[in-house]
Amino acid sequence: MIIGFELNGVQVAIETTLSMRLLDVVRNNFDLTGTKEGCSEGECGACIVFLDGKVVNSCMVPMSNVVGRSVVTIEGFSEMERYKKIETAFRNAGAVQCGFCIPGMIMAVEGILRLNKPLTDEVIKEGLSGNICRCTGYQSIYEAVRRLGEEVWNDVQ
Amino acid sequence: MFNSIRPNSLEELLEIIDNGDYYIFAGGTDLFIRKRQWQGAERKFDKDVVFISHLEELRGIFEDRNYYRLKTCVTQDEVANSTLLPDYLRVPYGLMGNPAIRNTATVGGNIVNAAKVADSLPLFYALDASIVLKNIQVDRVMSIKDFIFGRYKTDRYENEIIYEVIIPKEDFSGFRYKKIGSRKSSILSKLSVFIVYKKAHGKIVDIRVSVGAVNDVPIRSEEGEKEFVKDNDIDKFLLTIREMMEGEDDRRSTKLYREEISLRIIKKFLVEIMEE
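Residues numbered from 1 in each chain as written. Chains lettered and ligands numbered in written order. Predicted model: local features only at pLDDT ≥ 70, side-chain atom pairs only at ≥ 80, totals over all residues.

Student: Which residues make up the environment of Leu148 of chain A, and what values do they have?
Tutor: Residues and elements named next belong to chain A. Residue placement: Leu148 occurs in helix 6 (residues 139-156). A C-alpha to C-alpha distance of 24 Å links Leu148 and Asn8, two positions 140 residues apart in sequence. Setting aside residues up to four positions removed in sequence, Leu148 forms contacts with Lys85, Ile86 and Ala89. (Helix = DSSP H or I, 4+ residues; strand = E, 2+ residues; numbered from the N terminus. Contact = placed C-beta atoms within 7 Å.)

Following this line, the structure appears as C-alpha cells:
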C-alpha cells in the first residue's frame, strides 16, 4: 500500500507495508543510512529518529504508526543549527571513536536539549540511558554534553 | 503470509477483531522483538495484525471526581510527564525502559502482555486499578488483579481490547518505589517493590505493598497489610510476604537473591515510613 508521511521536512509517499519497520524504510527506500541498526530490540539507540519531535527507536516503529506524521533522521537534523553545536561539542571532547553509535547519540542529545532542563549529570545520564557505545566508555560523550549544556544554558541566559 | 489492517475508528477495530484472531499491535516494543528477523527483513507474523496506536479514541489521560482514566494507547512517557497524575504513578513510569522506549510503549500493552517483569503491574495491584475491556457488543470492567492469572495469561477474549485503565483517586501521604536490575535503564527488572501509604496523627492508617518480578504475577497481601496497620509488626509482615514467594532461578537472577532483596527493601521502606 502507499503510505504518506513527512520525511526531513518533505512530504513523501512510498509503496510499503503497514508492518514494515520505519528503520528499513528510511535506510532501504530512501537510502538514509545514517540511521543504524544495532540490537534490533530498542536497547542500543543506534536507530533513533524523531517522530513528531520525540525520540523513538525506529527498529520498533511499524509504518502504520508513521502514517501522516513527521520523521526526522540524522540527515535531516544535520541541516539544523543545533546539530552544528552538538557536532562541535563531540569533536572537542573527542567523543567519537568508531562512530557507529554517534548518529543515535546525537539524536538522543537533542532529545535531552528539548527537555529544556538544566543539564545535570542525572539528566544527561537518563537522556543517554537508551544508547550504547562500545568504544568510548561514555565519559567523553558525557563530557561533550556537559560542556554543551553550559553553552546552551549561557545562550538562554 | 499475513494481513496488516489499520482501522479508521474504534468501532471498525471492534468489528474486525469480532471476526477473527489477530495480533493487536500498539507500541510494538514487545511484539516487534518477539517477531525478530534478520536485518532488513520484514517481520513475519503467524496471524493477521491489527494496528491500534493511531486511534484517537484510545488515547488521552482523564480524571473525574473519583478516578484517573488512562486510555490504552497512552504512552509511558505521557504518564511520566502528565500534569494530571500523582507522583506515585509518574515517578515509576519515568523509570521504565529508556526515553525512546517510553515514547512508544503503551499502558495497555504492558498490562495485556502480562509478563512476569511488567513494571506497571505492581503499581496497579497496589492501587486497586481496574480495566475496561470492550468488544463490539459490551464493556466489562474487572480488576487488573483478576484479569491477570499467570505469566502471559490474561482473561482477555480474542474479540476484546483493553479500552482504558481506571485508577481510584486516593489521598496517599507518600510512596516508595525501588526497581532492581543489572543496570539502571533499558533493563528488565530482577525485582521491584512499590508501596503507597496514608498516615494520620503519626500513625499508618492504610498501606499497600506489592512486589513485582518475583512470582509470575505481583505479590500483594491485603490481609497482611491490614494486620500491619493494627500491629506495626514488620517481621510478621515480612514473613507473610515471604510465604507467598514462589519464584525460581532464571537468567536474570536467583530465587534467593530476588526474595532476600525484596524483603530487605520492604523492611527499609517500612522503617522509613514508620519513622516519618
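Student: A description of the interface of chain B and chain A should follow, citing residues and the corresponding values.
Tutor: Facing 26 residues of chain B, the contacting portion of chain A comprises 27 residues. Mapped by element, the contributors of at least two residues to the side of chain B that touches chain A are helix 2 (31-34), strand 3 (49-51) and helix 5 (99-102) of chain B. Counting residues per element, the side of chain B that touches chain A draws most heavily on helix 5 of chain B, which supplies three residues. A class-by-class count of the residues in the side of chain B that touches chain A yields nine nonpolar, 12 polar and five charged. (Nonpolar A, V, L, I, M, F, W, Y, C, P; charged D, E, K, R; others polar.)

Student: How would you summarise the packing of helix 9 (residues 222-231) of chain B against helix 10 (residues 234-244) of chain B if you had to cite specific residues and measurements?
Tutor: Residue and element names in this part refer to chain B. Between helix 9 and helix 10, the shortest axis-to-axis distance is 9 Å and the interhelical angle comes to 175 degrees. Here helix 10 runs roughly antiparallel to helix 9, going by the angle between their axes. For the pair formed by helix 9 and helix 10, the contact residues are Gly224, Glu227, Phe228 and Asp231 on the first element and Lys236, Phe237, Thr240 and Ile241 on the second. (Axes fitted to C-alpha atoms, helices over the stretch in contact; angles between N-to-C directions. Parallel < 35°, antiparallel > 145°, perpendicular 65-115°, else oblique.)

Student: Explain the nonpolar core to me, and be specific about the residues and the numbers.
Tutor: Across soluble globular proteins, nonpolar side chains show a tendency to be buried alongside one another. Membership of the largest hydrophobic core comes to 118 residues, with the highest contact counts inside it found for Leu22 and Val49 of chain A together with Val50, Ile52 and Ile195 of chain B. Broken down by element, this core gets its largest block of residues, seven residues, from helix 4 (residues 102-113) of chain A. With residues up to four places along the chain from it excluded, the contact list for Ile195 of chain B reads Phe175, Arg176, Ile207, Arg208, Val209 and Phe269 of chain B. (Core = buried A, V, L, I, M, F, W, Y, C linked by C-beta atoms within 7 Å. Buried ≥ 20, exposed ≤ 12 C-beta atoms within 10 Å, placed from the backbone.)

Student: Before we move on, can you summarise the sheet that holds strand 4 (residues 54-57) of chain A with the specific residues and values?
Tutor: Residues and elements named next belong to chain A. An order of 2-1-5-3-4 is seen for the five strands of this open sheet, with the pairing classed as mixed. For this open sheet the edge positions go to strand 2 (10-15) and strand 4, each flanked by a neighbour on one side alone. Going from strand to strand, the sheet's axes swing by 40 degrees on average, the running direction of each strand aside. Examined bridge by bridge, strand 3 (residues 48-51) and strand 4 share four bridges and lie antiparallel to one another. The residue bridging Ile48 from the neighbouring strand is Asn57, located in strand 4. Together, strand 3 and strand 4 form the strand contacts of helix 4, whose direction differs from that of strand 3 by roughly 40 degrees. (Pairing = 2+ DSSP bridges.)

Bear in mind that shape data such as this cannot, by itself, settle questions of function.
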